[in-house]
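Structural features, examined
Listed below, chain by chain, are the residues.
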2 protein chains.
Amino acid sequence: MNFSKRITSMQESPIRKLVPFAQGAKAQGKKVYHLNIGQPDIETPESFMNSIRNFDEKVLAYSLSQGIPELIEAIIKYYKKYDMHYESDEILITNGGSEALLFAIIACADADAGDEVIVPEPFYTNYNGFSAAVDVKVCPITCKAEEGFHLPARKSIEECINPRTKAIILSNPGNPTGVVYTKEEIQMVADLAKEYNLFIIADEVYREFVYDGLNYTSFGNIEEIQDRVIIVDSVSKRYSACGARIGSLASKNKDLMKQILKLCQGRLCVPTLEQIGAVELYKTPEDYFESVNQEYDKRRNIVFEGLQDIPGVVCEKPTGAFYVVAKLPVDDAEKFTIWMLREFDVDGETVMVAPAEGFYATPGLGRDEIRIAYILNEDDLKKAMSILKKAVAEYPGTTI
Amino acid sequence: MNFSKRITSMQESPIRKLVPFAQGAKAQGKKVYHLNIGQPDIETPESFMNSIRNFDEKVLAYSLSQGIPELIEAIIKYYKKYDMHYESDEILITNGGSEALLFAIIACADADAGDEVIVPEPFYTNYNGFSAAVDVKVCPITCKAEEGFHLPARKSIEECINPRTKAIILSNPGNPTGVVYTKEEIQMVADLAKEYNLFIIADEVYREFVYDGLNYTSFGNIEEIQDRVIIVDSVSKRYSACGARIGSLASKNKDLMKQILKLCQGRLCVPTLEQIGAVELYKTPEDYFESVNQEYDKRRNIVFEGLQDIPGVVCEKPTGAFYVVAKLPVDDAEKFTIWMLREFDVDGETVMVAPAEGFYATPGLGRDEIRIAYILNEDDLKKAMSILKKAVAEYPGTTI
């Protein structure tokens with residue numbers, strides 16, 4: 001039997017494909033510090049499960065395709081804090097940010113027309129995955145470790161745009177880079193979108209994870225482009241509720257939302273219980289974010305200082321999300337990662353990182369880069385960074 | 001802003017688009033008997049919520065992309081009762097049967113190649129919706145009310161097959177028709193699939209809803225085609241847990257499942273809580289199905305007798321699921337449905353049905369047909385059927 005080209009051409013998750021090596025390390029009795037996945041260790045607010053425990057309907061029925069009204073209202077209220085003003089038919093609840101992305105891509109780009117989306121690389125790998133699944137081509141805009149993964153000059157972006165380009169997809173704060181775009185960068189993208197008639201699919205699931213007192217500008221804050229902005233959002237990182245799979249789409253383009261509602265109707269609805277729990281998440285007091293941010297800020301400093309302490313590393317200090325991409329003085333970051341799991345340890349302990357090549361669409365780029373997610377407590381992170389330093393020193397493929 | 005052709009060409013849910021008329025009827029103070037939606041009134045087994053209430057992990061983390069092992073094991077055990085034998089890497093848990101269908105279509109058919117799927121009509125409308133969303137063409141095989149919506153002769157099906165045909169999608173027991181295919185029909189489809197190298201995407205979510213002591217044959221029971229069979233399943237109807245959104249894919253084609261796992265990884269995971277609840281659902285004692293089936297059987301008889309009692313109705317007795325499609329002596333079933341909601345009542349009560357035209361891909365077919373879902377209690381159903389009879393008699397567009 002033959003499978004479709006679109007599915008066979010999808011790459012395997014670059015993070016998940018190394019899982020067997022981590023399992024092998026553990027089977028050898030090694031302790032593995034996981035810096036490779038974006039699964040926060042922060043506790044989910046108790047209000048989530050408490051509200052679900054109180055659910056007592058006798059029949060767990062389909063809910064509304066657009067999402068339950070209480071959750072839509074909670075999200076509208078949440079956005080107001082950021083000076084983003086949505087009406088109830090401008091929000092759709094989705095199965096995680098993932099489904100929001102998938103639906104946005106389907107709505108903007110056709111397959112048989114050869115439509116394209118442009119995406120700054122390195123990017124969240126599923127931008128590529130979802131685009132491939134629905135036969136939309138990804139054109140990368142290369143960003144560089146040396147520039148802290150900020151956007152290149154306008155001209156470089158324009159070179160990626162052609163008549164088949166329908167949208168730009170980007171995350172801000174950035175996964176995997178930790179970049180937070182400046183107001184000027186956001187405005188540049190907005191101007192390009194207007195000039196070339198593109199949608200902006202803005203993945204802002206890390207909106208609260210911004211450090212150093214930086215001002216955060218959402219694509220929802222640029223008045224003149226609201227007919228072309230689609231905000232992808234999720235409770236996963238914001239409230240450490242990744243397993244809830246509650247995301248959302250927001251757009252002031254009501255016609256677009258009416259079109260995407262048809263996709264929502266196709267999959268009938270999002271689970272009822274997590275929507276009820278998510279309503280409570282959105283009531284979490286503001287000081288929750290303050291304490292979570294302080295925690296991540298400390299971790300960020302540990303990781304960044306740890307990286308600075310490794311000779312040959314290229315890395316600007318990240319300012320958002322809980323990731324950093326660093327260039328290492330190694331021949332091949334995937335080989336290095338596998339080597340750390342299979343052949344290396346410090347007193348029975350080792351580290352797993354995510355090789356960054358899979359975050360690029362341009363062949364060959366990112367081969368010497370890794371992504372670190374700082375989702376461990378301070379002590380573990382310090383230990384992991386010191387193990388990583390020793391690993392770079394001992395690895396046979398180290399280039400300095 | 002222009003939207004993609006694939007999304008603008010998707011039809012609105014033929015069932016959900018009439019909701020405003022039902023709301024209007026209620027605003028007039030009318031009671032509306034809903035025979036239009038497949039939302040069972042049967043209580044969800046308590047074990048579902050009880051197990052979820054006991055969940056006490058501090059962090060609601062991502063779970064495995066393929067689904068939690070306990071649920072996969074529970075489904076393997078469930079299928080054994082039907083003489084279907086799967087291994088753990090032959091089952092994937094999905095966001096409802098809907099996602100299972102979407103992933104199966106993406107895996108079998110390409111967009112840019114103009115790939116096609118054949119589907120007996122009338123069909124579950126989302127077969128069309130999901131295919132459109134991923135740019136796959138649906139070719140309908142027309143089935144007729146007069147024949148109880150059984151499959152046409154082999155030759156008629158062969159006429160729909162061309163080199164771009166990749167799969168046949170069908171539900172058994174059938175939504176919207178209530179048909180249960182005979183062993184001979186299943187074998188004919190199996191033979192065709194082998195001869196023309198097609199996948200069979202078998203939506204068997206109503207597997208337990210079979211009446212009159214009929215023998216049920218699953219596509220999972222035909223040994224020689226197991227490399228091409230993909231079973232789509234769900235707890236929604238089986239355990240009256242539509243709002244849980246837990247479905248699954250099963251196939252003995254391990255390579256195919258490896259491919260589809262990439263799609264599962266793309267959307268990360270299915271909600272953890274409902275998977276935990278679903279494990280308990282699969283432990284529901286067998287007598288649950290007996291009592292539920294007896295209840296539906298009684299309802300089926302009420303609806304069928306009610307239809308027989310309306311002059312000019314064409315309808316064979318359905319033998320599965322909880323639906324029936326009937327041809328009415330009216331000019332246009334959608335107009336008739338709207339008329340019942342807007343301009344008709346019997347002592348302040350009226351009925352909402354689903355016009356069947358939206359279940360057909362062939363233009364014009366089904367215009368005088370409706371789908372009835374028998375998901376109300378006996379008394380309400382009797383009332384609803386007597387109101388329907390009066391409505392047909394009084395409706396200005398009645399053709400006899």
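Analysis parameters
- Residues numbered from 1 in each chain as written.
- Chains lettered and ligands numbered in written order.
- Predicted model: local features only at pLDDT ≥ 70, side-chain atom pairs only at ≥ 80, totals over all residues.
- Heavy atoms only, no water.
- UniProt positions renumbered as here; feature names shortened; annotations may be inferred.
- 1 Å grid on protein atoms, 1.4 Å probe; cavity = no way out; pocket = protein on both sides within 12 Å on 5 of 7 lines; lining within 4 Å.
- Points joined across faces, edges and corners; volume = space filled by probe spheres on them.
- Helix = DSSP H or I, 4+ residues; strand = E, 2+ residues; numbered from the N terminus.
- Nonpolar A, V, L, I, M, F, W, Y, C, P; charged D, E, K, R; others polar.
- Least-squares fit on C-alpha atoms with pLDDT ≥ 70 in both.
- Contact = heavy atoms within 4.5 Å.
- Phe/Tyr/Trp six-rings, centres within 6.5 Å; stacked < 30°, edge-to-face > 60°.
- Buried < 20%, exposed > 50% of the residue type's maximum accessible area, 1.4 Å probe, protein only.

In the nomenclature of an unreviewed UniProt entry, chain A corresponds to Aminotransferase from the organism Alkaliphilus hydrothermalis. Recorded in UniProt under Cofactor (unreviewed entry), the annotation for chain A is "pyridoxal 5'-phosphate".

**Here we look at the layout of surface pockets**
Empty space within the second largest pocket amounts to approximately 1100 Å³. In terms of lining, the second largest pocket is formed by 48 residues, of which the most central are Ile15(A), Arg16(A), Ile37(A), Ser65(B) and Leu268(B). For the lining of the second largest pocket, the elements supplying multiple residues, two or more each, are α2 (19–27), α5 (96–108), α6 (125–133) and β7 (229–234) of chain A together with α9 (254–266) of chain B. Per-element accounting of the lining of the second largest pocket gives the leading share, 5 residues, to α2(A). For the lining of the second largest pocket, the residue count by class is 20 nonpolar, 20 polar and 8 charged.

**Some thoughts on the relation of the copies chain A and chain B**
The operation linking the two copies of the chain is a rotation about an axis combined with a translation along the axis. Expressed as a screw operation, the relation of chain A to chain B combines 0.0 Å of axial shift with a rotation of 180 degrees, fitting to an RMSD of 0.0 Å. Such a combination of rotation and displacement between the chain copies is what one expects of a two-fold axis. Taken together, the interface assignments show that 100% of the residues at the interface of chain A recur at the interface of chain B, consistent with an identical surface on both copies.

**So, the packing of aromatic side chains**
All names here are of chain A. Overall, the coordinates contain 45 aromatic pairs over all chains when judged by the stated rule. Seen in terms of ring centroids, Tyr239 and Tyr282 are 5.5 Å apart; in terms of plane orientation they differ by 75 degrees. Their pairing is edge-to-face. Here Tyr282 lies in the loop between α10 (272–281) and α11 (287–308) and Tyr239 lies in the loop between β7 and β8 (246–250), a separation of 43 residues in the sequence. With respect to burial, Tyr239 and Tyr282 carry one shared label: buried.

**Thoughts on the side chain of Thr217(A)**
Residues and elements named next belong to chain A. Following the sequence through the fold, Thr217 ends up in the loop between β6 (199–203) and β7. A residue is classified by how much of its surface remains accessible, and Thr217, at 8% relative accessible area, is buried. Those residues in contact with Thr217 that lie beyond four places of it in its chain are Asn172, Lys183, Ile186 and Ile222.

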